[in-house]
Amino acid sequence: MRIPYENLKALNKPFEEAFKLKFNDFLNSGWYILGNEVAQFEKEFSNYHDENYVVGVANGLDALILSLKCCNFKKGDEVIVPSNTYIASILSILQCDLVPIFVEPNVETYNIDPKKIEDAITSKTVAIMVVHLYGQCCEMEPIVNIANQNKLKVVEDCAQAHGAKYKGKLAGTFGEYGCFSFYPTKNLGALGDAGAIICKTEEDYIKLRQLRNYGSEKKYHNGIIGYNSRLDEVQASFLRVKLPYLNEINNHKKTLASIYQSNLNENFIKPIIDNDFDNVYHIYNIRHKERDRLKAYLSANNIDTEIHYPVAPHKQQALYQLNNLSYPISEEIHATTLSLPCSFAHTENDIRKVVEIINQFN
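Let me begin by describing the structure that accompanies this report. Please read these numbers as outputs of a predicted model, since none were measured by experiment.

Right, let's get into unusual backbone geometry. The residue after His-308, namely Tyr-309, is reached through a cis peptide bond having omega 15 degrees. With respect to the helices, strands and loops of the structure, Tyr-309 is situated in the loop between α11 (291–300) and α12 (328–336). Positive phi, close to 60 degrees, is recorded for Tyr-214, a residue that is not glycine. Inspection of the secondary structure puts Tyr-214 in the loop between α8 (202–211) and β10 (216–218). You can call Tyr-214 partly exposed: its relative accessible area is 44%.

Right under this line is the structure:
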């Protein structure tokens, strides 16, 4: 039997009956946009993080865009961002008429290297966008210190880090803004697009609520130039079903990851383990110099894998103006990384089977 990389139908099967009840409640309510379900999810998500302010938005990209817009940066201002992130991080910067300044990651953690950040700061730098990649937090203590010393905003891209911690503190609670995607494959996944922003101040909270809703806090009164980026009432209701199980989902993925960690042979570069970091393994990735041949070998043996991500951002056609730049650490990661099955729908036996087959690769 084939082991899929992800099976969303199986993943959501335990929640199916609760989803149906929520959907019936939604139909019977007659309230479809920015209603009680969104308000209650925002409250519950803020309680999970022990924060005061959460604003639900349409998706993770919009969470990043609206957070940057909230800052009133000037056109041409610079935002530091890791050179190996998913394209959404960079798109958010570009769509706000800002300039992305790439900083290489630590090759062992795949997250932005704090030691390289200060060299990238110029008189135009206004923010650091950290990306907690694959489910492991960035090294936030030195990053926040650098930001404070240079009066920079910190925007956290937490799309892959729901429930992840650094030194006991949750991703999304370090910077001015914690931006989340609830795309269906995330550890806390909706059944469509959805997102949210954690912010620190009531002023930002009010402004973000305006930004997501045409610049309006009061119906038909538009105080600022805004967007249409509202968290859908149905998706909010589904997220409310799954949020109480987030820690269980994360713990299951950690258990699967521990099987890989303990049993994969030394031919593969595995994620590092550090007591300061509580990795939730949104993605369990390994690296191998013959990644493409390894991927084909696993597929031939009925194991599906993914690559996160096959092309470095500065080599993407959409960013053609950056194609001549060189970020060798990022390029090395993109050329060698492979994501193995590790989801809430997989069993321990599934993972042991993957280990048995992959260890025979030569």
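Read on for the rest.
Before going further, it helps to examine the sheet that holds strand β8 (residues 177–181). Ordered in space as β1-β9-β8-β5-β4-β2-β3, the seven strands form an open sheet in which the pairing is mixed. One side of each edge strand has no neighbouring strand; the edge strands of this open sheet are β1 (53–57) and β3 (99–103). If you compare each strand with its neighbour and ignore which way they point, the axes differ by 25 degrees on average. As paired strands, β1 and strand β9 (residues 195–199) are joined by five bridges and run antiparallel to one another. Within the sheet, the bridge partner assigned to Val-54 lies in β9 and is Ile-198. Against the sheet, helix α5 (residues 87–94) makes contact with β2 (78–82), β3, β4 (125–131) and β5 (153–157), and its axis sits at roughly 145 degrees relative to β3, the strand it touches most. Taken strand by strand, helix α7 (residues 140–149) contacts β4 and β5, and its axis lies near 170 degrees from that of β4.

Below, the discussion takes up the pattern of salt bridges. Scanning all chains against the criterion turns up 18 salt bridges. The partner of Glu-16 in a salt bridge is Lys-13, and the shortest N-O contact between them spans 3.4 Å. Classification of Glu-16 by relative accessible area gives partly exposed; the value is 25%. A salt bridge links Asp-113 to Lys-116; the nearest nitrogen and oxygen atoms lie 2.9 Å apart. On the basis of relative accessible area, Lys-116 is assigned to the partly exposed category, the value being 33%. Bridged by salt links that share partners, the residues Lys-13, Glu-16, Glu-17 and Lys-20 form one connected network.

So, on to empty space enclosed by the protein. By the definition in use, this model includes two cavities of 30 Å³ or more. Lining the largest cavity are 13 residues; nearest its centre among them are Tyr-134, Gln-136, Pro-271, Asn-279 and Asn-285. Residues that form the lining of the largest cavity fall into these classes: eight nonpolar, four polar and one charged. Surrounding the second largest cavity, Glu-6, Leu-11, Thr-185, Lys-186, Asn-187, Lys-242, Ile-249, Lys-253, Ser-343 and Phe-344 form its lining.

Before going further, it helps to spend a moment on the environment of Cys-179. Along the polypeptide, Cys-179 turns up in strand β8. We classify Cys-179 as buried; its relative accessible area is 2%. In this structure, Cys-179 is in contact with Ala-63, Leu-64, Ser-67, Val-155, Glu-156, Asp-157, Cys-158, Ala-159 and Ala-196, ignoring residues within four places of it in sequence.

All right, on to the nonpolar core then. Among the nonpolar cores identified, the biggest contains 41 residues, and Phe-45, Ile-117, Ile-128, Met-140 and Phe-182 are the most heavily contacted of them. Every element with two or more residues in this core is listed here: α3 (36–49), β4, α7, β9 and α9 (233–242). A total of five residues in this core trace back to one element, the largest contributor, which is α7. Core analysis: the second largest hydrophobic core is formed by 31 residues, Val-57, Leu-64, Leu-66 and Ile-90 among them.

Taken in spatial order, the three strands make up an open sheet running β7-β6-β12, and their pairing is antiparallel. Strands at the two margins of the open sheet, each flanked by one partner only, are β7 (169–170) and β12 (277–278). Across two bridges, the pairing between strand β6 (residues 165–166) and β7 is antiparallel. The partner of Tyr-166 across the bridge, within β7, is Lys-169.

With the rule as written, the count across this model stands at 20 aromatic pairs. On the numbers, 6.1 Å between centres and 55 degrees between planes, the contact of Tyr-166 with Phe-174 is tilted. One exposure class covers both Tyr-166 and Phe-174, and it is buried. For Tyr-166, a relative accessible area of 4% corresponds to the buried category. Site record: aromatic cluster; members linked through ring pairs are Phe-15, Phe-19, Phe-238, Tyr-245 and Phe-344. Directly above the aromatic system of Phe-174 lies the positively charged group of Lys-169, at a separation of 5.4 Å from the ring centroid.

When two helices pack together, their arrangement is captured by the angle between the axes and the distance separating the axes. Close contact between helix α2 (residues 16–29) and α9 brings their axes to 10 Å; oriented N to C, the two are set at 145 degrees. Crossing angle aside, the handedness with which α2 passes α9 is right-handed. Side by side, α2 and α9 meet where Ala-18, Phe-19, Lys-22, Phe-23 and Phe-26 of the first sit next to Glu-233, Val-234, Ser-237, Phe-238, Arg-240, Val-241 and Lys-242 of the second. By residue class, the composition of the contact of α2 with α9 is seven nonpolar, one polar and four charged.

Okay, the layout of surface pockets next. When its volume is computed, the largest pocket comes out at roughly 570 Å³. Elements represented by at least two residues in the lining of the largest pocket include exactly α4 (60–70), α5 and β8. Broken down by element, the residue count for the lining of the largest pocket peaks at three residues, all from α4.

Definitions and cut-offs
Starting from 1, residues in each chain are numbered consecutively following that chain's sequence as written. Owing to the predicted nature of the model, reporting of local features is limited to residues with pLDDT of at least 70; listing and counting of side-chain atom pairs is limited to 80 or more, with chain, interface and lining totals taken over all residues. The basis for every side-chain value is the complete set of heavy atoms in the structure, and neither hydrogens nor water enter the calculation. Every helix listed is a DSSP run of H or I at least four residues long, and every strand listed is a run of E at least two residues long, numbered separately from the N terminus. Think of it in three bands: residues with accessible area under 20% of the maximum for their type are buried, residues over 50% are exposed, and the middle band is partly exposed, with areas taken using a 1.4 Å probe on protein chains only. A pair of strands is considered paired only if DSSP assigns at least 2 bridges between the two. Axis definition: a line fitted to C-alpha atoms, limited for helices to the stretch in contact. Angles are taken between N-to-C directions and run from 0 to 180 degrees. Contacts are residue-level and defined by heavy atoms, with any inter-residue pair within 4.5 Å sufficient. The working definition used for a salt bridge is a side-chain nitrogen of Lys or Arg within 4 Å of a carboxyl oxygen of Asp or Glu. Cavities and pockets are defined on a 1 Å grid built over the protein atoms alone: a cavity is a set of grid points where a 1.4 Å probe fits but cannot escape, while a pocket is an open set with protein on both sides within 12 Å along at least five of seven lines, and lining residues are those with an atom within 4 Å of any such point. Grid points are joined across faces, edges and corners, and a volume is the space filled by probe spheres set on the points. Ten residues, namely Ala, Val, Leu, Ile, Met, Phe, Trp, Tyr, Cys and Pro, are considered nonpolar, four, namely Asp, Glu, Lys and Arg, are considered charged, and the remaining ones, Gly among them, are considered polar. In this description, a nonpolar core means a group of buried Ala, Val, Leu, Ile, Met, Phe, Trp, Tyr and Cys residues linked to one another through side-chain atoms lying within 4.5 Å. Classification of ring pairs uses Phe, Tyr and Trp, with its six-membered ring standing for Trp, and accepts pairs whose centres are within 6.5 Å; under 30 degrees between planes counts as stacked, over 60 as edge-to-face, and the remaining range as tilted. We call a charge positioned over a ring when the NZ of a Lys or the CZ of an Arg lies within 6 Å of the ring centre and within 35 degrees of the ring normal. Crossings are classed by handedness, with left-handed meaning an anticlockwise turn of the near helix from the far one by less than a right angle and right-handed meaning a clockwise turn.

Coordinates in, geometry out; function isn't part of it.
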